[in-house]
Amino acid sequence: MIDLKSRIREGPDFPTRGVNFKDIGPLLASPLHLGEAIDGMALGICRFSAGIGASKIVAIESRGF
C-alpha cells in the first residue's frame, strides 16, 4: 500500500490561527498516488453499500450545472 499522507502538504495556521490547510495538489499531480486514493475511496463505498444492501450509488455533482 502506498503512503498517501506523504503526498498531502500541510500549511499550519492558514487561513487563520488554529486551522491547518491541507494541500492535495501533490496527490493530484501523481497518477500513481491519485489512482490509489480513488481505488481506496471506491472500495470503501462498495463495502458500505454492500453492507446496507444498496444496489445503486448516487453522487451530487458540485460544479453548478
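Here is a short report on the structure shown in this document. (Residues numbered from 1 in each chain as written. Predicted model: local features only at pLDDT ≥ 70, side-chain atom pairs only at ≥ 80, totals over all residues. Heavy atoms only, no water.)

### Quick word on the pattern of salt bridges
Overall, the coordinates contain 2 salt bridges when judged by the stated rule. For R9, the salt bridge goes to D23, with nearest N and O atoms at 2.6 Å. Of this pair, R9 sits in strand β1 (residues 9–11) while D23 is found in strand β2 (residues 21–23), placing the two residues 14 residues apart along the sequence. R9 gets classed as exposed once you look at its relative accessible area, which sits at 51%. The partner of E10 in a salt bridge is K22, and the shortest N-O contact between them spans 2.9 Å. Highlighted residues: E10 in strand β1 and K22 in strand β2, separated in sequence by 12 residues. (Salt bridge = Lys/Arg side-chain N within 4 Å of Asp/Glu carboxyl O. Helix = DSSP H or I, 4+ residues; strand = E, 2+ residues; numbered from the N terminus. Buried < 20%, exposed > 50% of the residue type's maximum accessible area, 1.4 Å probe, protein only.)

### Here's the deal with the environment of G35
Position of G35 relative to the elements: it lies in helix α2 (residues 31–51). For G35, a relative accessible area of 25% puts it in the partly exposed group. Taking C-alpha positions, G35 is 10 Å from L4, a pair spaced 31 residues apart along the chain.

### Considerations on the side chain of S49
Relative to the assigned elements, S49 resides in helix α2. In this view, S49 contacts A54 and I57; residues no more than four positions away in its chain are not counted. (Contact = heavy atoms within 4.5 Å.)

### Remarks on unusual backbone geometry
For residues other than glycine, phi is negative in most cases, and the peptide bonds are mostly trans. The amide bond that connects F14 to the next residue, P15, takes the cis arrangement and shows omega of 10°. By secondary structure assignment, the location of P15 is in the loop between β1 and β2. Positive phi, normally seen in glycine, also occurs at D13, with a value near 55°. Among the secondary structure elements, D13 is positioned in the loop between β1 and β2.

### Some words on a nonpolar patch on the surface
Judged by side-chain polarity, I8, I24 and L28 come together as a nonpolar surface patch covering roughly 240 Å² of accessible area. Within the element layout of this structure, I24 appears in the loop between β2 and α1 (25–29). (Patch = residues over 30% accessible without salt bridge, like charges linked within 9 Å, V, L, I, M, F, W, Y side chains within 5 Å. Areas by Shrake-Rupley, 256 points an atom, 1.4 Å probe, with all protein chains shown as cover.)

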